[in-house]
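Overview (structure and organization)
What follows is each chain in one-letter form.
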Amino acid sequence: MAKTTFAASIQAKSGRLYAVIQVKTGKTTKPVWRALGLDEGTSKSTVNKRFREVVAKFEEEYEELLEKANRPNSEIPIYEYMHEFLERIKPNIQYNTYVSYNNMVEGKIKRYFEDNPHLTIGNITAKEIEKFYTHLFSFGVKANTVIHYHAVLHKGFKQAFKDDLIIANPFDKVTRPKKNEFQGSFYSKDEMQKLLELTKDDPIYPAILIAGTMGLRRSEALGTRWSRIDWDAHTILLDTKVIEKTVDGKKAPVPVELMKNKSSKRTMVIPDMAYEMLKEQKARQDIYRDMFGKSYNHEFDDYVCVNPMGTLLKPDYVTEHFRLLLKENGMRHIRYHDLRHTVASLLINNGVPLMHVSDYLGHKDIQVTANIYGHLDKTSKEISANVINSVLNTSV
């Protein structure tokens with residue numbers, strides 16, 4: 001392998017100083033520029049000191065790159081691989097999914113595996129993976145959380161296997177923790193009616209009513225748009241969701257025309273109560289536009305769930321404000337997302353078949369609905385029991 005040598009000098013460009021490092025490998029020489037962060041005219045001693053520091057750092061980084069380039073694939077540290085894997089798949093996954101994966105990779109995965117540098121993608125065993133899961137449980141997390149970690153790691157190592165970096169996926173040998181049984185909270189008919197009455201003058205009332213009558217996810221409720229409503233047919237197309245992104249260091253609501261799954265993009269009949277609210281909300285927004293004039297935010301004129309100044313409601317704000325509303329009004333605590341469960345429970349308890357509930361909620365398939373709400377489906381059980389009773393009584 002050809003030897004690499006370095007030769008460096010100081011050069012000025014547009015009044016700023018740079019270290020220009022000539023990297024020579026064999027017969028090839030490549031200049032690399034590194035800013036010194038100093039202006040022309042800085043004292044010679046300061047420039048020389050900074051020059052030595054920048055060149056030394058570059059040489060150190062270059063040696064690390066060479067070491068990585070010559071390292072067998074199986075010796076890649078786990079965090080390093082997962083970090084690069086996540087950046088690789090980032091363009092092909094939804095933003096919220098990326099954020100979730102990134103929090104896991106840059107959080108507990110990074111800390112654990114950097115504290116255990118001997119573990120690589122090529123030598124980690126099922127036993128070592130189970131030790132990591134035990135470590136996660138020590139933080140008091142539920143099994144479902146550990147399952148999420150298992151999913152992202154399994155996905156990463158599956159790609160490593162496809163890329164011939166490892167000879168087998170060790171996560172295939174691990175039995176993932178048993179999923180926690182879903183325990184959703186929901187309001188009764190009377191509680192729901194009371195909630196709607198108590199909150200009708202609140203800024204997030206439209207978001208509450210839409211979720212509480214149509215079973216929408218938070219992102220779907222905040223993404224409802226005037227242009228998607230067919231007022232004559234009493235229907236609305238759900239094709240936009242609102243998520244939160246960090247923009248310039250601050251969280252901001254961002255509309256995205258990409259739903260959670262294919263079934264999430266759907267046209268729904270608007271219940272009468274929601275229909276009347278939507279007409280009132282549209283008239284109210286017209287009043288606010290005239291009232292605030294140039295101060296009104298017209299960027300989100302097409303959206304139902306905005307504040308009096310026209311700004312799109314933040315998802316986290318809706319969640320927190322909903323919690324405070326319940327507390328202030330002395331109502332039993334449920335999450336905003338539990339409004340969706342409330343709709344499902346009301347439908348099922350009033351005899352609506354699971355298949356129709358699944359379609360109404362925009363689940364990707366009926367199995368999801370059955371897993372979450374199957375225990376509420378007494379009607380189908382009663383029908384089945386009545387059929388058996390009828391058959392056996394006829395036979396006797």
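Heads up: these notes are all about the structure in this document. This structure is a prediction, so every number in the text was calculated from the model and none was measured.

**Some details on the pairing of strand E7 (residues 250-256)**
Direction of pairing for strand E6 (residues 241-247) relative to E7: antiparallel, over a ladder of seven bridges. Of the residues in E7, the one forming a bridge with Val-242 is Pro-255. Counting the residues in the hairpin turn of E6 and E7 gives two residues, including Asp-248, whose phi is positive at 55°.

**Section: the packing of aromatic side chains**
According to the stated counting rule, one finds 17 aromatic pairs in the structure shown. An angle of 80° between the planes, with centres 6.1 Å apart, marks the rings of Phe-300 and Tyr-303 as edge-to-face. Note on accessibility: Phe-300 and Tyr-303 belong to one class, buried. Ring-pair connections join several aromatic residues into one group, and the members of that group are Tyr-112, Phe-113, Phe-132, Tyr-133 and Tyr-149.

**What about the sheet that holds strand E8 (residues 266-269)?**
Paired through backbone hydrogen bonds, the strands of a sheet run either parallel or antiparallel to each other. Spatially, E4-E5-E8 is the arrangement adopted by the three strands of the open sheet, whose pairing is antiparallel. Both edges of this open sheet fall to strand E4 (229-230) and E8, since each of them pairs with a single strand only. Pairing of strand E5 (residues 235-238) with E8, which is carried by four bridges, proceeds in the antiparallel orientation. Counted as the bridge partner of Leu-238 is Arg-266 from E8.

**Observations regarding the pattern of salt bridges**
Using the criterion set out here, one finds 19 salt bridges in the structure. We note a salt bridge from Arg-228 to Asp-239, for which the minimum N-O separation is 3.2 Å. Placement of Arg-228 in the loop between helix H8 (218-222) and E4 and of Asp-239 in the loop between E5 and E6 is noted, with a sequence separation of 11 residues between them. Given the relative accessible area of 21%, Arg-228 is considered partly exposed. Note on Asp-239: relative accessible area 11%, which makes it buried. Here Arg-335 makes a salt bridge to Asp-338, at a shortest N to O gap of 2.9 Å. You can call Arg-335 partly exposed: its relative accessible area is 42%. The exposure class assigned to Asp-338 is buried, which follows from its relative accessible area of 3%.

**Things to note about a negative patch on the surface**
Negative charge collects at one region of the surface, where Glu-59, Glu-60, Glu-61, Glu-63, Glu-64 and Glu-67 lie side by side. Along the chain, Glu-59 turns up in helix H1 (residues 44-70).

**A word on the sheet that holds strand E3 (residues 28-39)**
Read across the sheet, three strands follow the order E1-E2-E3 without closing on themselves; strand pairing throughout is antiparallel. Each end of this open sheet is capped by a strand with a single partner; those strands are strand E1 (4-13) and E3. Averaged over all pairs of adjacent strands, the angle between strand axes in this sheet comes to 20°, irrespective of strand direction. Looking at chain direction, E1 and strand E2 (residues 16-25) are connected through 10 bridges and run antiparallel. From the neighbouring strand, Gln-11 faces E2, where its bridge partner is Tyr-18.

Conventions and cut-offs
Residues numbered from 1 in each chain as written. Predicted model: local features only at pLDDT ≥ 70, side-chain atom pairs only at ≥ 80, totals over all residues. Heavy atoms only, no water. Pairing = 2+ DSSP bridges. Helix = DSSP H or I, 4+ residues; strand = E, 2+ residues; numbered from the N terminus. Phe/Tyr/Trp six-rings, centres within 6.5 Å; stacked < 30°, edge-to-face > 60°. Buried < 20%, exposed > 50% of the residue type's maximum accessible area, 1.4 Å probe, protein only. Salt bridge = Lys/Arg side-chain N within 4 Å of Asp/Glu carboxyl O. Patch = residues over 30% accessible without salt bridge, like charges linked within 9 Å, V, L, I, M, F, W, Y side chains within 5 Å. Areas by Shrake-Rupley, 256 points an atom, 1.4 Å probe, with all protein chains shown as cover. Lys, Arg positive; Asp, Glu negative; His and termini not counted. Charge placed at Lys NZ, Arg CZ, Asp CG, Glu CD. Axes fitted to C-alpha atoms, helices over the stretch in contact; angles between N-to-C directions.

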